[in-house]
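# Fold and contact review
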Amino acid sequence: MKTIHIILFGVGNVGETLINQINKAKTQLNKQGIEVKIILAANSKVALFNDKGISNQWKTNFSNSAKPYTIDAILNFVNHRKWDNLIAIDATASVEFVQKYTYLIQNGFHLISANKVANTLDYEFYDRLRSTLKKYNKTFLYETNVGAGLPVIETVKNLYESGERINKIRGVFSGSLSYIFNTFSEDKIAFSEVLKKAAELGLTEPDARDDLSGKDVARKLLILARELNLNKEFNDVKVVSLVPKALNGKTTLNEFKNRIQELDKPLQELKQKLSKKTVLRYVGELDVTNETLDVKLISEDQESAIGQLKGADSVFEIYSESYNDSPLVIKGAGAGKEVTARGLFSDIIKLSSRL
Ligand SMILES: NC(=O)c1ccc[n+]([C@@H]2O[C@H](COP(=O)([O-])OP(=O)(O)OC[C@H]3O[C@@H](n4cnc5c(N)ncnc54)[C@H](OP(=O)(O)O)[C@@H]3O)[C@@H](O)[C@H]2O)c1
């Protein structure tokens with residue numbers, strides 16, 4: 001039996017779901033000759049340590065027994081037990097935690113992350129992280145950074161590394177913006193009403209401007225560009241934000257909510273201008289040949305993969321040498337705690353097969 005030792009940072013939506021999925025899959029994993037032990041689960045303040053692996057009752061134990069921690073205390077705990085097959089999982093959205101990656105790698109940990117920060121900081125950081133991984137012979141997997149559980153990064157990487165020339169990647173990368181424009185295009189409904197519905201369904205961030213600004217889509221586009229070895233920075237992404245200048249970050253969230261109807265008229269006008277059989281979609285587009293990265297609102301043929309999108313699904317079209325006229329399409333739920341945790345779990349299994 002191969003035992004994998006996990007230290008998990010972030011026990012929010014995704015982290016908690018991951019613990020539950022791992023515990024539920026115990027028998028199945030054992031049949032595959034793998035034992036996955038979560039020996040530590042931490043939030044930003046406290047951590048729960050457990051030699052035997054965190055059980056189904058972990059939440060009660062976490063409330064009762066989790067203690068303030070330092071990374072060095074965690075390393076002492078692990079080193080003392082001489083464990084191997086060590087994986088640190090980042091299920092936070094923390095900029096601060098990413099600064100600890102190097103130290104964890106130097107101390108024997110492989111990394112798996114749902115957090116996009118490490119892959120979207122400046123290129124120097126990105127490059128330095130990869131050099132450190134190489135030096136210490138460690139692996140960093142982050143499939144969930146783009147499209148949650150959908151196999152987007154792996155597909156792009158495999159094509160690229162097998163010498164396939166990728167010309168273009170385009171798609172709807174955001175579950176919330178997918179829902180917003182799929183609904184707005186189909187139903188006779190004001191844009192502000194769609195936003196309210198999306199918020200009620202828990203699809204948007206607490207401040208919907210975080211979705212509407214296009215920044216999250218831009219981050220995913222940057223990650224894909226870097227997979228193709230393009231030395232790009234976040235500022236290289238041309239983003240057409242859906243937040244009117246008058247309602248940007250300088251106005252409070254309350255004021256934005258009170259004035260949300262101001263978005264209705266311009267978007268209704270765009271909808272009326274659409275030619276027949278086209279729909280509005282908010283897309284990310286990477287033109288590899290011209291090295292351009294765009295995040296924008298477009299009118300799209302309703303018969304295309306992007307045009308046919310439903311619900312809060314994401315879709316990625318990859319155009320390459322072999323997939324030229326008919327792109328390789330990856331489509332499905334691209335957000336949500338269940339699919340994201342499952343994506344992290346798949347990364348654990350993928351990594352453990354290499355250990
Ligand atoms: N939800 C999705 O659909 C989805 C899809 C793809 C990727 N992701 C990514 O997955 C990550 C987690 O998302 P989530 O929805 O689970 O977030 P969440 O519910 O807000 O949970 C975040 C967790 O991270 C912890 N945390 C924050 N800073 C930390 C630090 N410095 N050290 C240790 N723990 C820290 C928080 O602890 P405190 O409570 O103490 O702050 C909390 O337990 C994010 O990066 C997100 O972008 C999510």
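Up top is the structure these notes are about.
Residues numbered from 1 in each chain as written. Predicted model: local features only at pLDDT ≥ 70, side-chain atom pairs only at ≥ 80, totals over all residues. Heavy atoms only, no water.

### Focus on the packing of aromatic side chains
The test is simple: Centre distance within 6.5 Å is the pairing criterion for rings of Phe, Tyr and Trp, where only the six-membered ring of Trp is used; planes under 30 degrees apart are then read as stacked, over 60 as edge-to-face, and the remainder as tilted. Remark: exposure states derive from per-residue accessible area (1.4 Å probe, protein chains only) relative to the maximum for the residue type, with buried under 20%, exposed over 50%, and partly exposed in between.
Evaluated as defined, the whole model comprises 13 aromatic pairs. Considering the side-chain rings of Phe140 and Tyr142, the 4.7 Å spacing of their centres and the 50 degrees angle between planes classify their relative orientation as tilted. In this structure, Phe140 and Tyr142 share a single accessibility class: buried. Aromatic ring contacts, followed pair by pair, group Phe9, Tyr69, Phe97, Tyr101, Phe140 and Tyr142 into a single cluster.

### So, the sheet that holds strand β1 (residues 2-9)
Going by this rule: Pairing between two strands requires that DSSP report at least two bridges joining them. For helices the rule is a DSSP run of H or I covering at least 4 residues; for strands it is a run of E covering at least 2, with both sets numbered from the N terminus onward. Contact definition: two residues touch when any of their heavy atoms are within 4.5 Å. Only the stretch in contact is used when fitting a helix axis, every axis being a line fitted to C-alpha atoms; angles between N-to-C directions are given from 0 to 180 degrees.
Spatially, seven strands are ordered β4-β3-β2-β1-β5-β6-β7 in an open sheet, and the strand pairing comes out mixed. Every other strand in the sheet has two partners, leaving β4 (67-68) and β7 (140-141) as the edge strands with one partner each. Pairing of β1 with strand β2 (residues 34-42) involves eight bridges; the strand directions are parallel. Looking across to β2, one finds that Ile4 is bridged to Val36. Where helix α16 (residues 337-354) meets the sheet, it contacts β1, β2, β5 (86-90), β6 (110-113) and β7, and its direction lies at approximately 160 degrees from that of β6.

### Digging into the pattern of salt bridges
The condition is simple: The term salt bridge refers to a side-chain nitrogen of Lys or Arg lying within 4 Å of a carboxyl oxygen of Asp or Glu.
Considering all chains together, one arrives at 22 salt bridges under this definition. Among the salt bridges present, the one from Arg81 reaches Asp51, with a minimum N-O distance of 2.6 Å. A residue pair is termed long-range when its members are at least 10 positions apart, and Arg81 in helix α4 (residues 71-81) and Asp51 in the loop between β3 (46-49) and α3 (58-65) qualify at 30 residues. Among the ionic pairs, Lys196 bridges to Glu193, the shortest N-O distance being 3.4 Å. Here Lys196 pairs with Glu193, and both are found in helix α11 (residues 191-200), just three residues apart, close to one helical turn. According to the relative accessible area criterion, Lys196 is partly exposed, its value standing at 38%.

### Overview of the site of the ligand
Just so we agree on the cut-off: Consider each residue's heavy atoms; a residue with any of them within 4 Å of a molecule or strand counts as near. Distance and chemistry together define a polar contact, namely a pair of N or O atoms within 3.5 Å, with one atom able to donate a hydrogen and the other to accept it when in protein, and with adjacent residues in sequence counting only for side-chain atoms on both sides. Here the nonpolar group is Ala, Val, Leu, Ile, Met, Phe, Trp, Tyr, Cys and Pro; Asp, Glu, Lys and Arg are the charged ones; every other residue, Gly included, is treated as polar.
In the vicinity of the ligand there are 21 residues, among which Val11, Val14, Ser44, Thr92 and Gly336 approach most closely. Gly12 is positioned such that a nitrogen or oxygen atom in its backbone is 3.3 Å from an oxygen atom of the ligand. A breakdown of the residues in the shell around the ligand according to their chemical character gives eight nonpolar, eleven polar and two charged.

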